[in-house]
Amino acid sequence: MSQDPMHGPEPAKGHRSFAVDSLATRRRREIVAVLLFSGSPLFESSIPLSVFGVDRQDSGVPRYRLLACAGEDGPLRTTRGLELRAPYGLGALSRAGTIIVPAWRSITGPPPTPALAALRRAHSEGARVVGLSTGAFALGAAGLLDGRLATTHWMYAPTLAKRFPSVHVDPRELFVDDGSILTSAGTSAGIDLCLHIVRVDHGPEAAQALARRLVLPARRPPAAEAAQGPQRHLDRSLPEDIGADPLAEVVAWALEHLHEQFDVETLAARAYMSRRTFDRRFRSLTGSAPLQWLITQRVLQAQRLLEVSDYSVDEVAGRCGFRSPVALRGHFRRQLGSSPAAYRASYRARQQQQAAAAVGQSATRTKAPVDVYPPRLPQQRVRPPQ
């Protein structure tokens, strides 16, 4: 058996040994391996490191053992050029019962082959494998999402579904627990999924203690509580590196002129490209078709106007570039699961409830943790026990 200083012991080829089979039966989910790659965002990578890598037993939080693992040869650099040095390599994944991929740098290219093989092997031996945000693409490339329900950041969901047709992708979900495979949407959803893991492992009191220590809500309300109308909220963010791309100016112009009626041909002309070339370049930059991106931005703008203004639905449609209120209602319902009128009513009702609660808290001078999230109603899906 050879020894690789980066990746640890290399397993012998051929049939699995009795030692490996025995190790699989001894995997403990409290041993958490975080698989890091070069080119990943620092914030997303730090979420599982912070949740599972800090000893908070003094606050009633069960202790996890964290293994920060390099998924490829170093040096590992974040999207902003900070250099990371992971103390473990792929070999350490054989010791973990929980493996988390917090992000993957490319929505079009697969991770290194040794990393994919290590993920497949760990899962086959009983490890729980988690993909946060774009980490779902690594799980998809490893074949671990085939036939399963999964989610990722809404902007990359169309690409995930196209690259892995056998995966059931739902971008409306906050996170998905499909048994031994778990995935989450954007950055804050990664925190929610990590808290969910603590809740599954050690119960609601442990998750509550950790959330209190992190000054976070222990659990954002699930869809079942949306009786008055869902309030799914989409993210307007774009990839971090868009500022360095020639299309950045076109994207910025589009966001500033959403109140005007223009189409993708207009954007392509501003970029001095043919429609076909523009579509291809835009997809490579955002992972989304330009028409779908534009519709999503118009729906987001409508969502904000419904929250902060008294414009009628017809007026909102015109101020967001929709050709008719009917078009706004159709796209709004498809993306947010509610009509514009129902969304506004539900949003304002929740605002009034929160304002009343805040007044009550101030009167009694309580110091209970405050929900730091805005009044959204995300989704989460947990696979029922088999």
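Scroll up to find the structure this text is about.
All figures in this text were calculated on a predicted structure; none of them were measured in a lab.

K.L.:
Just give me the short version of the side chain of Ser184, but keep the residues and values in it.
P.N.:
Locating Ser184 in the fold gives a position in strand β12 (residues 181-184). Given the relative accessible area of 0%, Ser184 is considered buried. In this structure, Ser184 is in contact with Gly131, Leu132, Ser133, Thr151, Thr152, His153, Leu174, Phe175, Ala189, Gly190 and Leu193, ignoring residues within four places of it in sequence.

K.L.:
Please give an account of helix α11 (residues 290-308) that cites residues and values.
P.N.:
Taking 1.5 Å of rise per residue, the 19 residues of α11 would be expected to cover 27 Å, and the 27 Å separating its terminal C-alpha atoms lies within 8% of that figure. In terms of residue burial, α11 counts as a mostly covered element, since 14 of its 19 residues are buried.

K.L.:
Summarise the packing of aromatic side chains; cite the residues concerned and give the values.
P.N.:
Under the definition given, this model contains seven aromatic pairs. Ring geometry for Tyr343 versus Tyr347: centroids 6.2 Å apart, planes at 15°, classification stacked. Of the two residues, Tyr343 and Tyr347 are both situated in helix α14 (residues 340-364); the distance of four residues between them amounts to about one turn of the helix. Using a relative accessible area of 0% as the deciding quantity, one classes Tyr343 as buried. The class for Tyr347 is buried, based on a relative accessible area of 9%. Taken together, Phe278, Phe282 and Trp293 form an aromatic cluster joined through their ring pairs.

K.L.:
Give a detailed account of the pattern of salt bridges, specifying residues and quantitative values.
P.N.:
Tallied over the entire structure, the rule returns 13 salt bridges. Between Arg348 and Asp310 there is a salt bridge, and its shortest N-O distance comes to 3.1 Å. With Arg348 in helix α14 and Asp310 in the loop between α11 and α12 (313-319), the pair connects residues that are 38 residues apart, well separated along the chain. Residue classification places Asp310 among the exposed residues on the basis of a relative accessible area of 69%. Residues joined by salt bridges that share partners form a network here, namely Arg27, Arg121 and Glu125.

K.L.:
Just give me the short version of unusual backbone geometry, but keep the residues and values in it.
P.N.:
The backbone of Ser133 sits at a positive phi, close to 55°, despite the residue not being glycine. On the secondary structure map, Ser133 appears in the loop between β8 (128-131) and α4 (135-141). By relative accessible area, Ser133 is classed as buried at 8%. In the Ramachandran plot, Tyr272 falls in the positive-phi region, its phi being about 55° despite a non-glycine side chain.

Thresholds applied
Residues numbered from 1 in each chain as written. Predicted model: local features only at pLDDT ≥ 70, side-chain atom pairs only at ≥ 80, totals over all residues. Heavy atoms only, no water. Helix = DSSP H or I, 4+ residues; strand = E, 2+ residues; numbered from the N terminus. Buried < 20%, exposed > 50% of the residue type's maximum accessible area, 1.4 Å probe, protein only. Contact = heavy atoms within 4.5 Å. Expected span 1.5 Å × (residues − 1). Phe/Tyr/Trp six-rings, centres within 6.5 Å; stacked < 30°, edge-to-face > 60°. Salt bridge = Lys/Arg side-chain N within 4 Å of Asp/Glu carboxyl O.

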